[in-house]
Amino acid sequence: MMKNKFFSLLKVNIINSYKLNKFFKSSNLSSKLFGIICLLFIAGFIAGLSFLYSTIIFAALKNFNLERYVPILFYFVTELMIFIFSIYKVKPLLFDPKDNDLLFSLPIKQNSILRSRICNLLIFNYIMSILIFLTSFITYVVFSKISMIYVLHGILISIVLPILPTILACVIGYFIAYISSKVTHKNLIETVLTISFFMVILVSSIFIQKIGMLFVNNIESIDIVISKFMFNLNLVKEIISGNIICEIIYVFINIAIFMIFTFLLSKGYGKITNKLKESKVKNVNKKVEFKKKNSQLICLIKKEAKKFFSIPIYIFNAAFGLVLIVLVTIASVFFDFNEIVSLTLQEMGYMSNATSNIFPIILLMFSFVIAVTNISASSISFEGKNLWIIKTLPVDEKKVLKSKVLFSVIIVQSVLIPCLVIMSILQKLSIYQFLLIFMLNIVQSFVISLFGVIINLKYPNLEYTTEAQVVKQSMSSFVSAFIPMILIFALVYVYLILNLPVMVFALLLLLCLIIIYFVEVLILNTWGVKKFKKL
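Everything quoted here is computed from the prediction, not taken from an experiment.

(A) The arrangement of the overall build of the protein chain in detail. Secondary structure summary: the protein chain contains 24 helices and zero strands in total. Considering the protein chain as a whole, with its 535 residues, one finds that 44% of them fall into the buried category. Sequence separation of 24 or more characterises 83% of the internal contacts of the protein chain that already satisfy a separation of 6 or more. About 29,300 Å² of surface is accessible on the protein chain, with carbon and sulfur atoms providing 72% of the total.

Rendered as structure tokens:
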């Protein structure tokens, strides 16, 4: 009977998390088809990256007869990624779900409730494990020219792989939830740690060659660390060597850890969630301060800012391009930017004299950052079930939509403008080149932000259960991220084909962006307002 309740809870959790009812009951066939194509594209993209990097790393390590470490390396990377992504989901899925009061009042064991929620979290992690680890493992098997039956070991490893990082994420997620319930600025620590970790990963990727040589030169020390302190990696290493006993131990230990963890946590699960809820309620009772009145638009922008800085994954998603441009700007202060670009282009097969004019490189770099930083693409969805509040206020709908566009532009340009000024001085750009990049940045920021709001109005997700569903898994975030990037690559191709002077091409691009801007403003003020009223 309890098993039936467990599977029923798991089924409900999966349906609610991935909006399956809404998808299957939708009568819009084209929308369904588009959604399936997008999911397949994302899956193929991730698997393709895993194949590409595993091929490169395999070729590099083969020179040192260390290719056997490819699966171990990707096992560790997959565990790390699962751990990072799970932390964002632990709090809303395990410790602060909306159906807690209802489920705890029903005759259902807390163990069943907890395990169904953890298994729901594991499903997404299994997808990551298959796309990243299993793809790299199959690549390793193919290039090593060993029997394809060996893939069965990889399948077994990929099934067990997500268990340990998911449990660790649950433990860390609990402490984050506990700390968040005690402090006033509850997401500050999480946001700082997330961005810091991201910067470490980014810097590590820049110095990947040196890190690779460090790995090769210290392989014996790494083996000792793995064997003494990383039992999972050590077991995987033995499994790859063909040790069946270690394979059985690997499966048994991970399943045992899962069962023991869920059993222990379920004993006080209800008390933990209630305690966190009580702390959250206590923190609501704080002193009311009367502040100077601002205009409606300023208040709406402040509201957007408060929401943005209260959601760590929202900040993290926007930080990718902005952190990248900051790091490049800092690097250009200490290193020769022309030389860095020249060496990069030589590695890609271009001639070194391609950097005789650094202006198009800087122009492309800033355009790319703006294209991948679309904060407004999630702004409508994050209104959630509180959307009715802002719709009932005596505020013009145009101002509401305008505030979302302006906030996105303010965040992006507050980083890009200082970086552009510093880089223009260091690279000795002319005043005309600086002004042209500056105008293109401003206009493109408005175009991308308007596009994000329009797409989010078209594909809103107001019934999300976790912030990650809005930022990482929604149709709006996918369309608003990939279409601008595709257009950037298309424009580069057109520029290379036409072979126009870069200043002429930039001026034509500016003209096109201005036209697109006015078209988007017209769409937002007409269709957008009507759509917003219907939400």
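(B) Spatial organisation of unusual backbone geometry. Unusually for a residue other than glycine, Asn65 sits at a positive phi of about 60°. Along the chain, Asn65 turns up in the loop between helix H3 (29-62) and helix H4 (70-95). With a phi angle near 55°, Lys428 is a residue other than glycine that sits in the positive phi range. For Lys428, the position within the fold is in the loop between helix H20 (397-426) and helix H21 (431-458).

(C) Quick look at the environment of Val326. Summarising the element assignment, Val326 is placed in helix H16 (residues 312-334). Val326 gets classed as partly exposed once you look at its relative accessible area, which sits at 28%. Sequence-wise, Val326 and Pro418 are 92 residues apart; in three dimensions their C-alpha atoms are separated by 9.3 Å. Val326 has contacts with Val415 and Cys419, leaving out every residue within four places of it along the chain.

(D) Focus on the side chain of Ser54. Within the secondary structure, Ser54 sits in helix H3. Residue Ser54 is classed as buried on the basis of its relative accessible area, which comes to 1%. Those residues in contact with Ser54 that sit more than four places away from it in its chain are Val70, Phe74, Ser136 and Thr139.

(E) How the structure looks around the nonpolar core. Judged by nonpolar contacts, the single largest core of 55 residues is most densely connected at Tyr75, Leu94 and Tyr250. Sort the elements by how many residues they give to this core and helix H6 (residues 110-144) lands first, with 13 residues. The contacts of Tyr75, once residues within four sequence positions are left out, are Phe133, Ile157, Leu161, Asn232, Leu233, Val236 and Tyr250. Counting 47 residues, the second-largest nonpolar core is a separate cluster that includes Ala305, Phe308, Ile313 and Phe366.

(F) Fine view of H6. For H6, with 35 residues, the first-to-last C-alpha span of 47 Å sits near the 51 Å given by 1.5 Å per residue. Across the 35 residues of H6, 26 count as buried, placing the element largely inside the fold. Note on H6: the residue one or two positions beyond its end, Lys145, has a positive phi of about 60°.

(G) Geometry of empty space enclosed by the protein. This model, assessed by the stated rule, comprises three cavities of 30 Å³ or more. The space that makes up the largest cavity amounts to roughly 100 Å³. Of the residues that constitute the lining of the largest cavity, the class distribution is four nonpolar, six polar and one charged.

(H) Structural detail: a nonpolar patch on the surface. Taken together, the side chains of Phe41, Ile42, Phe45, Ile46, Leu49, Leu52, Tyr53 and Ile56 make up a nonpolar region of the molecular surface, amounting to roughly 700 Å² of accessible area. For Tyr53, the position within the fold is in helix H3. Taking the relative accessible area as the measure of exposure, Tyr53 reaches 48% and is therefore partly exposed.

(I) View of the pattern of salt bridges. In this structure the tally under the stated criterion is six salt bridges. In this structure, Glu304 engages Lys404 in a salt bridge whose closest nitrogen and oxygen atoms are separated by 2.6 Å. Here the residue Glu304 occupies a position in helix H15 (residues 296-308), and Lys404 occupies one in helix H20, the gap between them amounting to 100 residues. Classification of Glu304 by relative accessible area gives buried; the value is 5%. On the basis of relative accessible area, Lys404 is assigned to the buried category, the value being 1%. One salt bridge connects Lys307 with Glu383, and the closest N-O pair in it is separated by 2.7 Å. Within this pair, whereas Lys307 is found in helix H15, its partner Glu383 is found in the loop between helix H18 (359-372) and helix H19 (387-392), the two being separated by 76 residues in sequence. Under the relative-accessibility criterion, Glu383 is labelled buried at 5%. Each of the salt bridges in this network shares a partner with another, and the network as a whole consists of Lys303, Glu304, Lys307, Glu383 and Lys404.

(J) Structural context of the packing of aromatic side chains. Tallied over the full model, the rule gives 20 aromatic pairs. Between the aromatic rings of Phe41 and Phe45, the centroid separation amounts to 6.4 Å while the plane-to-plane angle is 20°, which identifies the pairing as stacked. Of this pair, Phe41 and Phe45 are both found in helix H3, four residues apart, which corresponds to roughly one turn of the helix. Classification of Phe41 by relative accessible area gives partly exposed; the value is 40%. Pairing Phe446 with Tyr517 gives two aromatic rings, centres 6.0 Å apart and planes at 75°, and the pair type is edge-to-face. Note that Phe446 is positioned in helix H21 and Tyr517 in helix H24 (residues 502-534), a separation of 71 residues in sequence. For Phe446, a relative accessible area of 22% corresponds to the partly exposed category. Tyr517 gets classed as partly exposed once you look at its relative accessible area, which sits at 26%. Every member of this aromatic cluster is reached through a ring pair, and the members are Phe58, Tyr75, Phe133, Phe137, Tyr140, Phe143, Tyr150 and Tyr250.

The rules behind these values
- Residues numbered from 1 in each chain as written.
- Predicted model: local features only at pLDDT ≥ 70, side-chain atom pairs only at ≥ 80, totals over all residues.
- Heavy atoms only, no water.
- Helix = DSSP H or I, 4+ residues; strand = E, 2+ residues; numbered from the N terminus.
- Buried < 20%, exposed > 50% of the residue type's maximum accessible area, 1.4 Å probe, protein only.
- Contact = heavy atoms within 4.5 Å.
- Areas by Shrake-Rupley, 256 points an atom, 1.4 Å probe, with all protein chains shown as cover.
- Core = buried A, V, L, I, M, F, W, Y, C linked by side-chain atoms within 4.5 Å.
- Expected span 1.5 Å × (residues − 1).
- 1 Å grid on protein atoms, 1.4 Å probe; cavity = no way out; pocket = protein on both sides within 12 Å on 5 of 7 lines; lining within 4 Å.
- Points joined across faces, edges and corners; volume = space filled by probe spheres on them.
- Nonpolar A, V, L, I, M, F, W, Y, C, P; charged D, E, K, R; others polar.
- Patch = residues over 30% accessible without salt bridge, like charges linked within 9 Å, V, L, I, M, F, W, Y side chains within 5 Å.
- Salt bridge = Lys/Arg side-chain N within 4 Å of Asp/Glu carboxyl O.
- Phe/Tyr/Trp six-rings, centres within 6.5 Å; stacked < 30°, edge-to-face > 60°.

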